[in-house]
Amino acid sequence: MFNPTREQVREFFTEAWRKQRGGAVLTPLETMAADLIVMHPEYHADLDDPEAAARDYPVEEGRTNPFLHLSMHLAIAEQVSIDHPPGIRAAWRALLGTRGEHEAAHVVMEALGEVVWEAQRLGTPLDNDRYLDLIRRRATQDR
């Protein structure tokens, strides 16, 4: 299993962005990352800033960590593409019935963040059933 360091993740996103802006050839994964970056113009300055890779993004500052946010987008896209946990693809399609793709990804991101936080707090494995249930419930809720 690939387990990149914080520095490797940040370098991946900044390099994908640099290559995309320069018209260089990107790998399929870099293309996915660059497409996500384009959808998040609020992160462009961070990805252009060489010092951003070393920056911390504490919650107290009220700023989203662009590298974490983009990583979660990629993780969700991968989960849906391989339907793991089983059932996420169907839950994703249900969300797409009520929201656009980008908003749906953010709904899944909130659910993922919630179950990861719970697992860390309780010292337990991630609860896939709860994760999918949160997504399904949000697919049927009014926005």
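Residues numbered from 1 in each chain as written. Predicted model: local features only at pLDDT ≥ 70, side-chain atom pairs only at ≥ 80, totals over all residues. Heavy atoms only, no water.

### Observations regarding the overall build of the protein chain
For the record, the criterion: Strands here mean DSSP runs of E at least two residues long; helices mean DSSP runs of H or I at least four residues long; both are numbered from the N terminus. Here the radius of gyration uses the C-alpha set of atoms, whereas the globule reference equals 2.2 Å times the residue count to the power 0.38. Between buried and exposed lies partly exposed: a residue is buried under 20% and exposed over 50% of the maximum accessible area for its type, with that area taken using a 1.4 Å probe on protein chains only. Residues count as neighbours in contact if any of their non-hydrogen atoms are within 4.5 Å of one another. The Shrake-Rupley method, run with a 1.4 Å probe sphere, supplies the accessible areas, and residue values consider only the shown protein chains as cover. All tallies of charge rest on Lys and Arg as positive and Asp and Glu as negative; His and the ends of each chain are not included. For charged residues, the charge sits on one atom: NZ in Lys, CZ in Arg, CG in Asp, CD in Glu.
A count of helical and extended segments in the protein chain gives seven helices and zero strands. Secondary structure elements of the protein chain occur, N-terminal to C-terminal, as α-α-α-α-α-α-α. The C-alpha atoms of the protein chain give a radius of gyration of 16 Å, which matches the 15 Å a tight globule of 143 residues would have. Along the longest, intermediate and shortest principal axes, the C-alpha atoms of the protein chain span 40 × 35 × 30 Å. Counting all 143 residues of the protein chain, 36% fall into the buried class. Counted over contacts in the protein chain with a minimum sequence separation of 6, partners at least 24 positions apart contribute 54%. Summed over its atoms, the accessible surface of the protein chain is roughly 8800 Å², and 54% of this surface lies on carbon and sulfur atoms. Here the protein chain carries 16 positive and 24 negative side-chain charges, and the mean point of each set is 3 Å from the other.

### A short note on the packing of helix H1 (residues 6-22) against helix H2 (residues 28-38)
Keep this limit in mind: Whenever a helix is involved, its axis is fitted only over the stretch in contact; in every case the axis is a line through C-alpha atoms, and angles between N-to-C directions fall within 0 to 180 degrees. Roughly parallel refers to an angle under 35 degrees, roughly antiparallel to one over 145, roughly perpendicular to one between 65 and 115, and oblique to any angle outside these ranges. In this classification, the charged set is Asp, Glu, Lys and Arg, the nonpolar set is Ala, Val, Leu, Ile, Met, Phe, Trp, Tyr, Cys and Pro, and all remaining amino acids, among them Gly, are polar.
Taken N-terminus to C-terminus, the directions of H1 and H2 make an angle of 85°; their axes are 9 Å apart at the nearest point. Taken together, the axes of H1 and H2 are roughly perpendicular relative to one another. Contacts between H1 and H2 involve Phe12, Phe13, Ala16, Trp17, Lys19 and Gln20 on the former and, on the latter, Leu29, Glu30, Ala33, Ala34, Ile37 and Val38. A breakdown of the residues in the contact of H1 with H2 according to their chemical character gives nine nonpolar, one polar and two charged.

### Side note on the nonpolar core
Put simply, the test is: Nonpolar cores are built from buried Ala, Val, Leu, Ile, Met, Phe, Trp, Tyr and Cys residues. Side-chain atoms within 4.5 Å join them into one set.
If you look at the biggest cluster of nonpolar residues, it comprises 20 residues, and the most contacted ones within it are Ile76, Ile88, Leu95, Val108, Tyr131 and Ile135. Breaking this core down by element, the ones donating at least two residues are helix H4 (66-82), helix H5 (88-96), helix H6 (101-122) and helix H7 (128-140). Counting residues per element, this core draws most heavily on H6, which supplies eight residues. If sequence neighbours within four positions are ignored, tyrosine 131 has contacts with Ile76, Gln79, Pro85, Ile88, Val108, Ala111, Leu112 and Val115.

### Looking at the pattern of salt bridges
Short version of the rule: Salt bridges are counted wherever a side-chain nitrogen of Lys or Arg sits within 4 Å of a carboxyl oxygen of Asp or Glu.
Counted under the stated rule, the structure contains 12 salt bridges. For arginine 99, the salt bridge is made with glutamate 103, and the minimal N-O distance between the two is 3.7 Å. Between arginine 138 and glutamate 114 there is a salt bridge, and its shortest N-O distance comes to 3.1 Å. Remark: glutamate 114 occurs in helix H6 and arginine 138 occurs in helix H7; sequence separation between them is 24 residues.

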